[in-house]
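Take a look at the letters that make up each chain.
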Amino acid sequence: FLTLPLFVAPWVEQRLETSIPSALDGYSDHVVLCELTARGETLIDELDTWDRQHVIVEPDRDRAATFQERGLTVVHGDPESVETLAGACVADADTVVADADDERNAAIALSTREVSDDVRLIAFAEEPDMVDYLRYAGADEVFSPRQLLGESLANEVTTAVSMELGDTVEIGTDLEVVELPIQPGSDVDGVPLADSGIRERTGVNVIGLWRKGEFVNAPPPDVALDADTILLVAGSEGQLSELKRLTLSVERRRARGTVLVAGFGEVGSTVAEELARGSMETVVIDEVEKPGVDVVADATDEETYREADLESASNLIIALSDDTTAMLATLVAREVGPDVRIVVRAQETESIGKLYRAGADYVLALATVSGRMIASTVLDQEEVVAPEKRIELVRTTAPSLAGQSLGGADIRHRTGCTVIAVERNGELVTDLSPEFTLREDDTLVVAGTDDAMVEF
């Protein structure tokens, strides 16, 4: 009687456990994610937008059960195992994504190539030294997300202090999409959108705006433009350059100023290299004394920023690997330099809102940038947006709208998306009035958030 529970309890628990398959049948043209990280979550969101099947290979049973409870398709097994990959139908898949640590990714790549020589294999490399090894193991493409994030942060600062547009998304020869921040003291700072005359003075189309990490689609005419605003706009290069002149403050047109970089890991060093290529003066702060570091000190200490003369700087880039430390550094830096533009690297997407509340002017999350980067590769047949823009920009057909005017279809109100151009008979039409009538063979260029694109 006393020993019976020792045998019965495990037997009952085993019967009650959720059954997680170790193999699937009938899957083809799908995406296989070997382990699931935060960037993989972003990729799944993108795949769901396009109704693309995906399968997660997860070695940990508890995590696999959690994923299954969320409605995700999971194969429980070791992603380094040829048998497990065969059970995930890798031979019939479109793409395999190796998203474990660097050494495991190499083993996953080798096992994948045993199952199939044809499937597209994408791998992540946290350390730049591993890029070549992963290619040798069979990866078709290897992404180094921290290097990309550093380049994106540097680009954000470079374009903020010059008349350059920076990275734009080109839609044909006469249309580009770009984000432009409103700077304090600029011609449109503190002016309601309706009174800014942006459309009349420049001809650009305002798709929406970002404010503290939140996207406002089809902003109301009375919304005030200020230093917390980043416009998402579409237009020709000349039109966008004219708008850039309106959004850039007079002081920043005349003087570029020093850029402080807090943190000199892979992201911070990439930032410093990119800024140096743009002939921008930098002061690098890090706790460890090493070549390239100008101030050896704690980035969360007020005295550090006074020693580095933060108040005279044009920008501060916080490239620390720990989000909590980055929040503390942002709070301190905002106190010391209330007028300095602060750009912050975030490790996790969940930290973005907190960093904005701490005083950041612009935040880029590693998980979001790398997830969208790989999504734009996997969905290359449809995706046209730069990975760090966080907005879908898609070419698509909409035959059910044939015969309707843009005003009558009311696409913006019904879906949250904006039609910024129409391709018709090989030409790109960008001057779209509410009376513009759609045809069945038109290709629409549509912009919007993930949820809005699903609705569209």
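Just above, that's the structure.
If you're wondering where the values come from, they're calculated on a predicted model, not measured in any experiment. (Residues numbered from 1 in each chain as written. Predicted model: local features only at pLDDT ≥ 70, side-chain atom pairs only at ≥ 80, totals over all residues. Heavy atoms only, no water.)

**Comments concerning the overall build of the chain**
In terms of helices and strands, the chain carries 19 helices and 21 strands. The C-alpha radius of gyration computed for the chain amounts to 25 Å, which stays within 12% of the reference 23 Å derived for 456 residues, consistent with globular compactness. The principal-axis extent of the C-alpha atoms belonging to the chain is close to 80 × 65 × 50 Å. The 456 residues of the chain split such that 54% are buried. Within the chain, residue pairs in contact and separated by at least 24 positions form 64% of the contacts whose partners lie at least 6 positions apart. For the chain, the accessible surface area stands at approximately 20,500 Å², while carbon and sulfur atoms represent 46% of it. One finds the centroid of the 37 positive side-chain charges in the chain at a distance of 5 Å from the centroid of its 89 negative side-chain charges. (Helix = DSSP H or I, 4+ residues; strand = E, 2+ residues; numbered from the N terminus. Rg over C-alpha atoms; globule rule 2.2 N^0.38 Å. Buried < 20%, exposed > 50% of the residue type's maximum accessible area, 1.4 Å probe, protein only. Contact = heavy atoms within 4.5 Å. Areas by Shrake-Rupley, 256 points an atom, 1.4 Å probe, with all protein chains shown as cover. Lys, Arg positive; Asp, Glu negative; His and termini not counted. Charge placed at Lys NZ, Arg CZ, Asp CG, Glu CD.)

**Describing the state of the cysteines**
One pass over the structure, following the stated rule, counts 0 disulfides. This cysteine, Cys-34, is not joined by any disulfide, and Cys-89 carries the nearest cysteine sulfur, 13 Å off. (Disulfide = S-S within 2.5 Å.)

**Considering the side chain of Glu-179**
Locating Glu-179 in the fold gives a position in strand S8 (residues 176–181). A polar side-chain atom of Glu-179 sits 3.2 Å from a polar atom in the side chain of Tyr-362. (Polar contact = N/O pair within 3.5 Å; in protein donor to acceptor, adjacent residues only side chain to side chain.)

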